[in-house]
Amino acid sequence: MIDDKTRLIENLTGVRSSKLNYYVELKKRNREIVIQNRRLEIIHQLSRDINIDMSLEMIVQRVYENLPLVIPCDFLGLITVEGSELRLVATQPPLPCNGLVVPRNSVLWEIIRKQQEQVYLCIAGDGKLLDELPVRQFELNCLILDPLKVKQNIIGMLVIGTREKNIYSQNDLTFARQLADQLAICIQNRRLYEEVVQAKREWEEAFRARVQMQAQLIQSAKLAAIGEMAAGVAHELNSPMTVIIGNAQMLQRELGPEHPASQLLRDIVTCGLRCKKIIQNLLTFARQEPPVVAPTDLNEVVERVLSLVKYQINRNGINVCTDLAPDLPRVAANGQQLDQVLINLLLNARDALEGVEKERYIRIGTGVRRDENGRRYVVVAVQDNGQGISPENMSRVFDPFFTTKEASRGTGLGLSVSLGIARAHGGTIEVESRPGKGSTFTLVLPLEEGRS
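Residues numbered from 1 in each chain as written. Predicted model: local features only at pLDDT ≥ 70, side-chain atom pairs only at ≥ 80, totals over all residues. Heavy atoms only, no water.

1. Observations concerning the sheet that holds strand 1 (residues 75-82)
So, point 1. Strand order in this open sheet of six strands is 3-2-1-6-5-4, and the pairing throughout is antiparallel. Looking at strand neighbours, the two that pair on one side only are strand 3 (100-101) and strand 4 (119-122), the edges of this open sheet.
So, point 2. For strand 2 (residues 85-92) and strand 3, the ladder comprises two bridges, and the chain directions are antiparallel. Within strand 3, the position partnered with L88 by the bridge is L100.
So, point 3. Contacts from helix 3 (residues 56-66) reach strand 1 and strand 2, with the element oriented near 45° to strand 2. (Pairing = 2+ DSSP bridges. Helix = DSSP H or I, 4+ residues; strand = E, 2+ residues; numbered from the N terminus. Contact = heavy atoms within 4.5 Å. Axes fitted to C-alpha atoms, helices over the stretch in contact; angles between N-to-C directions.)

Next up, the structure:
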């Protein structure tokens, strides 16, 4: 009875109606606060989770994951300004038309030209004026077009669309604006990061080129110094060698071939003539004169050199095997200088095998190869299974006077002179080595087509 009277009094005085309205309003406010918190959470997550090295597709996908919870959204698109073009670069759901260039007569271009802040479109008709967006494909009825601005410059546009009609409130538009601002910052940071990475890459390339140029200049200076010194030594040796050879030949004629000393005299003359050739090569190298060249068969060079040094190598218990390419094209070269190069490589291989306990071998192979431009080269490779070259010495093997041999066994000139000869022929010498496994030195000479 008391409750009935209380309810009657509340109805008469309007208290009950006010409580109902209060609860309805309170529930509405709570719902708006929840949505607002989710929106703030999305923007916070956007600034926290998106890395500068993420792709635009990944950024749009990350935003779209939670967007329908706080704003009506059936389509999310990102358009960027690239030079003089406007491109649709990422969408959710994904579309095959990503990368589409927006035509100049589009509404989107009109918004950018007029520097508009935000455009809310309720689409009437079939949406023909927005063909670059999937309006008809997703049956969109409302679009929010938000230019992405950085320091008053428009760098793109965020597009949010829904199938619902006249659905977006002022709060939705404000949130879309905040989302666009945050995306603009993310995209700008990503572009700045790309510029920094590109600048770093260019600086590293320039630095590498400078280091290479400095190394070439140092190498050239060393070669110039050794050239001058070699010219002086060769000039001084030339006269006494002429006397030695001349006297030996004169004694040969006087004593005759039957004399017991004739073999010794022949050896003196042969070695003397060889010394003169080496001296002449040193003079040619020092003067940087192009070698006198003729069509030369590298296989013949290999066989000729082996006939001179093979016995010397075999005497050290080293097996010498050859793998000579048949029908090897002739190369324009100075045969005597190639003899000198190959002798240096073979004797170095022999020295590298000293102290090696396993079965020792030297392999000599010839062949033809092409570079990436299709140019052909003839090569001769000398491979050993010796001690190899330590990494710290790899960059110095062609330096004049650099040697790891004892002072009485090597001057450190063989490889530098050999490289000079190879370069004088337009070629080079390549080296590959693994400590404890052995080394391969490859003489590479360009093959002039039509002259082989």
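2. A short note on the packing of helix 8 (residues 335-352) against helix 10 (residues 414-424)
So, point 1. Close contact between helix 8 and helix 10 brings their axes to 9 Å; oriented N to C, the two are set at 145°. Remark: the crossing between helix 8 and helix 10 carries left-handed chirality. In this structure, helix 8 uses Q337, Q340, V341, N344, L345 and N348 to contact helix 10, whose residues at the interface are G414, L415, V417, S418 and I421.
So, point 2. Taken together, the residues that form the contact of helix 8 with helix 10 break down as five nonpolar, six polar and no charged. (Left-handed = near helix turned anticlockwise from the far one by under 90°. Nonpolar A, V, L, I, M, F, W, Y, C, P; charged D, E, K, R; others polar.)

3. Considering the environment of N348
So, point 1. Summarising the element assignment, N348 is placed in helix 8.
So, point 2. Taking the relative accessible area as the measure of exposure, N348 reaches 23% and is therefore partly exposed.
So, point 3. A sequence separation of 66 residues divides N348 from G414, and the C-alpha atoms of the two residues are 8.7 Å apart. (Buried < 20%, exposed > 50% of the residue type's maximum accessible area, 1.4 Å probe, protein only.)

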